[in-house]
Amino acid sequence: MSAPYYQDDRVALYHGDCREVTEWLAADVLVTDPPYGMAHLSGWDSPLRRIAGDGDATARDAALALWGDKPAAVFGTWKEPRPARVRHLVVWDKSEGTGCGMGDLDAAWGNSHEEVYFLGEWRREGRPRHPSVIRTKDGLRSLSGITGHPTPKPVGLMSAILARSPLGVIADPFAGSGSTLVAAKQLGRHAIGVELEERYCEVIAKRLAQGVLDFGEMGA
């Protein structure tokens, strides 16, 4: 067993490779933004701002193979291969408050959305059905500046996903800036995270210890 990098009464965070640090496999629902092969398309020019292992989807696919058939929500893009066994697709529309997103600035259409793939069983359980588009209004660039992470997700976005997830402990084996763990803690859920890069473990630990401030708001 590995010793947690950070732990409180709701969240345990581990530093390491999720293929080797496997405490997260004891959870019930996976919600994560993994490396999926976008490094060669990134506009970030500093190696320190890039995501480790993001040259391809090897780490993502290995983690999903370990996870098996349990419920999972996994971020991705149509530009790269989707994971196997996707049962539902939701679009995260991040255009409100952020313009047309990144990408080729001379292109007629801006890249202002990401995809979220749902694997396993996600049942309504008496809750209202949610449209297949989730919109947020938040300053992603300012959130990146706060966390130092190039692709942070708004806490409000992660909360919307977790609010419709099956019951049980949340796992995020690619914890990144920590938004999944922060959202889980705010919702009173237990969560287990793993992050490969220690500088982001430090960011996550500070976010969790500082009253789990919400750096992202949901749109209408």
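From a predicted model like this one, the values you see are computed outputs, not experimental measurements.

**Brief notes about the side chain of E23**
Structurally, the position occupied by E23 is in the loop between β2 (11-15) and β3 (29-32). For the buried residue E23, which engages in no salt bridge, the nearest side chain bearing the opposite charge is K70, 13 Å off.

**Brief notes about the sheet that holds β3**
Across the sheet, 9 strands lie side by side as β1-β2-β9-β8-β3-β4-β6-β5-β7; this open sheet has mixed pairing. Lying at the two open borders of the sheet, with one neighbouring strand each, are β1 (6-7) and β7 (133-135). As paired elements, β3 and strand β8 (residues 170-172) share 2 bridges and run parallel to each other. Bridged to L30 within β8 is A171. Each of β3, β4 (72-76), β5 (88-93), β6 (113-119), β7 and β8 touches helix α3 (residues 155-162); the most contacted strand, β4, lies at about 145° to it. Packed onto the sheet, helix α5 (residues 198-209) meets β1, β2 and β9 (191-195) and runs at close to 165° relative to β2.

**With respect to the pattern of salt bridges**
Inspection of every chain in the model, using the stated rule, returns 13 salt bridges. Linking R135 and D93 is a salt bridge whose minimum nitrogen-to-oxygen distance equals 3.2 Å. Of this pair, R135 sits in strand β7 while D93 is found in strand β5, placing the two residues 42 residues apart along the sequence. Between K153 and E114 there is a salt bridge; the shortest N-O distance is 3.6 Å. Taken as a pair, K153 in the loop between α2 (140-147) and α3 and E114 in strand β6 lie far apart in primary sequence, 39 residues in all. Considered together, K153 and E114 belong to a single accessibility category, that of buried residues. Through salt bridges with shared partners, one network takes in D33, K94, E114 and K153.

About the criteria used
- Residues numbered from 1 in each chain as written.
- Predicted model: local features only at pLDDT ≥ 70, side-chain atom pairs only at ≥ 80, totals over all residues.
- Heavy atoms only, no water.
- Helix = DSSP H or I, 4+ residues; strand = E, 2+ residues; numbered from the N terminus.
- Buried < 20%, exposed > 50% of the residue type's maximum accessible area, 1.4 Å probe, protein only.
- Lys, Arg positive; Asp, Glu negative; His and termini not counted.
- Salt bridge = Lys/Arg side-chain N within 4 Å of Asp/Glu carboxyl O.
- Pairing = 2+ DSSP bridges.
- Contact = heavy atoms within 4.5 Å.
- Axes fitted to C-alpha atoms, helices over the stretch in contact; angles between N-to-C directions.

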